[in-house]
Amino acid sequence: MSQISITTSQNVNINFILSSIGERMAAFVIDWLIKGVYIAAILYLFYSIFNLGNYLNSLDPWSQITIYILLMFPITVYPLLFESMMQGQTPGKRFMKIRVVKIDGYQASFGDYLIRWVFRVVDTSMLIVGALSIILTKNNQRLGDIAAGTAVISLKNSINISHTILENIQEDYKPTFPQVIGLSDNDMRIIKDNYVKALKYDDRQIITKLSNKIRELLKLEIDSTKLTERQFIGIVIKDYNFYTGKDS
């Protein structure tokens, strides 16, 4: 499996598995099946339920074209709409457990999804070009991905609570650091992902760097005689879950 290493805005490297061309094609087919259902439903409503066929035939060709464009507009913007609302996923991508991400570590913006959507015209109309681009490029990128600086990663790794920002906390839990509300979900995901990895390999250097970075971000002065670095990071993760209501 191909992998991509992304350096986050916190200067932390995280490795992701790149989605295969098969996964992307399957997601593409699923999305088109959904589009097909929409087209069939719209035509059925237009011609059978509302019986507007005769009205449409009475219009001039340009008016007919305009109406068809309006009816099919949701199909045209389908990938742009869903990727923007679902953080880099369409229903097909969600089903296949793949997602669009920025390779520079920042959150993909509407502009990035827009660039991918514009280049989709080339990538889908010239399937060979799009497929070859995915196969031959280092990060399995189609032309739209290259232009937008994005890649499509697989989310099919076994996921449990240790891979998310979620943390088990007791009902009578008392938070220690209210400053954690200044962190974002993405910050906490990075913190927990690297903390879990550091614990797994007993990487004390990473734990120290992570502890120092958290204290710097939150502007905290911690008494090392009362809390170890591991205890401190663990409390920060639980406090964030407490204040944001993200419990399991």
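These numbers were taken from a predicted model, which means no experiment stands behind them.

What counts and how
Residues numbered from 1 in each chain as written. Predicted model: local features only at pLDDT ≥ 70, side-chain atom pairs only at ≥ 80, totals over all residues. Heavy atoms only, no water. pLDDT = per-residue confidence, 0-100. Helix = DSSP H or I, 4+ residues; strand = E, 2+ residues; numbered from the N terminus. Contact = heavy atoms within 4.5 Å. Phe/Tyr/Trp six-rings, centres within 6.5 Å; stacked < 30°, edge-to-face > 60°. Buried < 20%, exposed > 50% of the residue type's maximum accessible area, 1.4 Å probe, protein only. Lys NZ or Arg CZ within 6 Å of the ring centre and 35° of its normal. Salt bridge = Lys/Arg side-chain N within 4 Å of Asp/Glu carboxyl O.

Peer 1: It is not clear to me how the confidence of the model for the protein chain should be interpreted in this structure. Could you clarify?
Peer 2: Low-confidence regions, as indicated by low pLDDT, have predicted coordinates that should not be scrutinised in detail. Averaged over all residues, the pLDDT of the protein chain equals 83, while 86% of them reach at least 70. Here strand β2 (residues 13-17) stands out as the least confident element of the protein chain, with mean pLDDT 71; helix α5 (residues 91-96) is the most confident, with 95. pLDDT under 50 marks residues 158-166. Its contacts with residues more than four places away, or in other chains, come to 21 contacts.

Peer 1: Just checking my understanding: could you explain the packing of aromatic side chains for this structure?
Peer 2: Aromatic rings considered in pairs are described by the distance between their centres and by the relative angle of their planes. Tallied over the full model, the rule gives five aromatic pairs. Here the aromatic rings of Phe46 and Tyr47 are separated by 5.2 Å at their centres, their planes lie at 70 degrees, and the arrangement is edge-to-face. Under the relative-accessibility criterion, Phe46 is labelled buried at 12%. Residues Phe242 and Tyr243 carry aromatic rings whose centres are separated by 5.4 Å and whose planes lie at 85 degrees to one another, so their mutual orientation is edge-to-face. Take Phe242: its relative accessible area is 34%, and that puts it in the partly exposed class. Every member of this aromatic cluster is reached through a ring pair, and the members are Tyr173, Phe242 and Tyr243. In this structure, Lys35 packs its charged tip against the face of Trp32, placed 4.3 Å from the ring centre.

Peer 1: Looking at this structure, I do not really get the pattern of salt bridges. What am I missing?
Peer 2: It is possible for side chains of opposite charge to pair when their charged atoms get near one another. Summed over the entire model, instances satisfying the criterion amount to nine salt bridges. With its nearest N and O atoms 3.8 Å apart, the salt bridge here joins Glu83 to Arg120. In this pair, Glu83 is assigned in helix α4 (residues 78-85) and Arg120 in helix α6 (residues 110-125), connecting sequence segments 37 residues apart. Of the two residues examined, Glu83 and Arg120, each falls in the buried class. As a salt-bridge pair, Asp112 and Lys102 come within 3.3 Å of each other at their nearest N and O atoms. Pair noted here: Asp112 is in helix α6 and Lys102 is in strand β3 (residues 98-102), with a separation of 10 residues, a long-range link. Judged on exposure class, the residue Asp112 and its partner Lys102 are both buried. Salt bridges here are not isolated pairs; linked through shared partners, they connect Arg24, Glu83, Lys93, Arg116, Arg120 and Asp145.

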